[in-house]
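Residue-level listing of the chains:
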Amino acid sequence: MSRTMNPSRKSPPLRTSRTPSRHGQRGTTLLEGLVALLVLSLGMFSVGSVQTQLRLNADMARQRSEAVRLAQEDLERLRAFSVVAATAGARAYADIVDASNTVDGPTRYLVTRSIAAAQAPNAKNASVTVSWADRGGAEHQVVLSSVIGGSNPAYSGALTVAPAAAAMQPVNARSPRIPLAAKDLGNGTSAFKPAREGTVALLMSNTTGQVIGRCNGVSAALATTDLTLGNLGPCDALVGQLLSGAVRFSTSGPPIAGQAFDAPAPVAVALTLTGGTYPTPPWCGSDAVQTAAGDRFVAYHCVVYPLAGGTWSGRSTLAPAGWTLGTTADDRRVCRYTADLNASGSIDTNAEHPAAYANVDGPLAHQNFLVIRGNEACPGGTPVQLDSAGALIYANLATAPHQP
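Residues numbered from 1 in each chain as written. Predicted model: local features only at pLDDT ≥ 70, side-chain atom pairs only at ≥ 80, totals over all residues. Heavy atoms only, no water.

**So, the overall build of the chain**
Our working rule: Note on conventions: DSSP H or I runs of at least 4 residues are helices, E runs of at least 2 residues are strands, and numbering of each starts at the N terminus. The rule is simple: take the accessible area with a 1.4 Å probe, protein chains only, and divide by the maximum for that residue type; under 20% is buried, over 50% is exposed, in between is partly exposed. Should any heavy atoms of two residues lie within 4.5 Å, those residues are counted as being in contact. Throughout, the Shrake-Rupley method with a 1.4 Å probe supplies accessible areas, and for residues the shown protein chains are the sole cover considered.
Looking only at helices and strands, the chain features 1 helix and 17 strands. Across the 404 residues that make up the chain, the buried fraction comes to 33%. Across the chain, the fraction of contacts at a sequence separation of at least 24, relative to all contacts at a separation of at least 6, is 58%. With an accessible surface of roughly 24,400 Å², the chain has 57% of that area assigned to carbon and sulfur atoms.

Okay, here's the thing in structure tokens:
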């Protein structure tokens, strides 16, 4: 019997080795999942480490800032001494010594101070170390060093800074070299009469304090407070420098420089200039003054017209009228108030009122004299002196012989 084949019936395809099985596909998917889980775990671990490190860095920054504050606070405490020698109840320069202190808080700090002598005199090298341990137990420290001077704090009130260029301007917008009694004319100048009943007024620049004119023919009845531009009269245009001061008299024995309140005798001030030919002779005016408190003296003002270089040199003296200079009890001796303002050990600047001026380049004030009996010595300054009202005088009242 023969078989008849059905041509419409197809044979099943043959399986080849290139077609993967279902079991192989399942193994690959599991491996990919494990790798992805590993990558994710590493990422999460890295993110956690970064957060931990950021927190540690923030803690370190806070701890370092606190350590610097503690060190600065200790240094400032050392600088805040009120006296030099050791004194009970007061911070003293002598108390700046080595010390240690523990500051408790969220972090425990150890503040250690080391003090050593500095190369400069009256000074100490101060070094403050602040130590602490971080969260991990690692030790850290901050060190601040400085030099602390042993100057008396009371001296800080006497520190001044010289002007760099323009003259100092007080609250009334005038140079401090202008006499306080001068009348501000409102045009950048001031005027005043050296003698109340005189006929001469001096015109001064509010900015520089220099004399820019001498006005003659002013009414003797006019006071300085009544001066105006219209009643000054004719004024010259010569620029000069003002030399001013007071002449005091004392007949007590021995004389006291801070208690010279006797009635003044007639006197004039004369200037002898040296060092060249001056454009015009100096001019001086004086006036007897008595204050409401009973203080009596002669106020003088001289105008010196300097050389072409802007300076002048010379010597000021008193010219008596009705009394004589000499060394007997009937005579009078002239002393000049003088002080070593720059602590150089000698009278070596014009402001200190020397026996003779040299190369003066600006106004000079407080060039005062004391007239005493001829057989008395010029007095030196004493620690405590009282004025006519019984108040303390805070000034160097030493004097030096001037005439004869």
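**Considering the state of the cysteines**
Defined as follows: Whenever a pair of cysteine sulfur atoms sits within 2.5 Å, that pair is classed as a disulfide.
Scanning the entire structure with this criterion turns up 3 disulfides. The side chain of Cys-284 participates in a disulfide bridge whose partner is Cys-302; the two sulfur atoms lie 2.0 Å from each other. Residues Cys-284 and Cys-302 are joined through a disulfide that is right-handed, its torsion about the S-S bond being 115°. Of the two residues, Cys-284 is situated in strand β11 (residues 283-290) and Cys-302 in strand β12 (residues 296-304); the sequence distance between them amounts to 18 residues. Within the chain, bonded cysteines paired by disulfides and numbered along the sequence follow the pattern 1-2, 3-4, 5-6.

**Overview of the sheet that holds strand β1 (residues 99-103)**
For clarity, the cut-off: Two strands are counted as paired when DSSP detects at least two bridges linking them. For helices, the fitted line uses only the C-alpha atoms of the stretch in contact; every axis is such a line through C-alpha atoms, and the angle between N-to-C directions lies from 0 to 180 degrees.
Spatially, 4 strands are ordered β1-β2-β3-β4 in an open sheet, and the strand pairing comes out antiparallel. Looking at which strands have only one partner, the edges of the open sheet turn out to be β1 and β4 (139-149). Pairs of neighbouring strands in the sheet enclose a mean axial angle of 15°, with direction left out of account. Two elements, strand β2 (residues 109-117) and strand β3 (residues 123-133), share 8 bridges in a ladder whose sense is antiparallel. Its bridge partner being in β3, Ala-117 is matched across the sheet by Lys-124.

**Overview of the side chain of Arg-336**
This is how it is decided: As used throughout, the charge tally considers Lys and Arg to be positive and Asp and Glu to be negative, leaving His and the chain termini uncounted. The term salt bridge refers to a pairing of a side-chain nitrogen on Lys or Arg with a carboxyl oxygen on Asp or Glu at a separation within 4 Å. Polar contacts here mean pairs of N or O atoms no more than 3.5 Å apart (in protein, one a potential hydrogen donor and the other a potential acceptor; neighbouring residues in sequence count only if both atoms are side-chain atoms).
One can find Arg-336 in strand β14 (residues 332-337). Although Arg-336 lies buried, it forms no salt bridge, and the closest oppositely charged side chain, Glu-352, sits 9.1 Å away as judged by the N-O distance. Within the structure, the side chain of Arg-336 is placed 3.0 Å from the backbone oxygen of Pro-401, a separation counted as a polar contact. In contact with Arg-336, not counting residues within four places along its chain, are His-353, Pro-354, Ala-355, Asn-368, Phe-369, Ala-398, Thr-399, Ala-400, Pro-401 and His-402.

**A look at a nonpolar patch on the surface**
The test is simple: Here the term patch refers to residues with relative accessible area over 30% and no salt bridge, with like charges joined within 9 Å and nonpolar side chains (Val, Leu, Ile, Met, Phe, Trp, Tyr) within 5 Å.
A contiguous nonpolar patch, built from Leu-30, Leu-31, Leu-34, Val-35 and Val-39 and spanning about 500 Å² of accessible area, is present on the exposed surface. On the secondary structure map, Leu-30 appears in helix α1 (residues 22-79).

**Topic: the side chain of Thr-224**
Note that Thr-224 resides in the loop between β8 (211-216) and β9 (241-249). Beyond its immediate stretch of four places on either side in the chain, Thr-224 contacts Ala-181, Ala-182, Lys-183, Ala-191, Phe-192 and Lys-193.

**Let's talk about the sheet that holds strand β10 (residues 267-274)**
Spatial strand order, β10-β13-β15: 3 strands in an open sheet with antiparallel pairing. Strands at the two margins of the open sheet, each flanked by one partner only, are β10 and β15 (357-360). The mean angle between the axes of side-by-side strands here comes to 35°, regardless of whether they run parallel or antiparallel.

**Some points on the pattern of salt bridges**
Evaluation of the coordinates by the stated rule reveals 9 salt bridges. For Glu-73, the salt bridge is made with Arg-69, and the minimal N-O distance between the two is 3.4 Å. In this pair, Glu-73 and Arg-69 both sit in helix α1, 4 residues apart, roughly one turn of the helix. Residue Glu-73 is joined to Arg-77 by a salt bridge in which the shortest nitrogen-to-oxygen separation is 3.5 Å. Here Arg-77 and Glu-73 lie together in helix α1, a separation of 4 residues that amounts to about one turn. According to the relative accessible area criterion, Glu-73 is partly exposed, its value standing at 37%. Shared partners join several salt bridges into a network, and the residues in it are Glu-66, Arg-69, Glu-73, Asp-74, Arg-77 and Arg-113.

**Some remarks on the environment of Val-289**
Relative to the assigned elements, Val-289 resides in strand β11. In this structure Val-289 comes out as partly exposed when scored by relative accessible area, which is 25%. For the pair Val-289 and Ala-263, spaced 26 residues apart in the sequence, the C-alpha separation amounts to 9.5 Å. Apart from the residues lying within four places of it in its own chain, the contact partners of Val-289 are Asp-295, Arg-296, Phe-297 and Ala-299.

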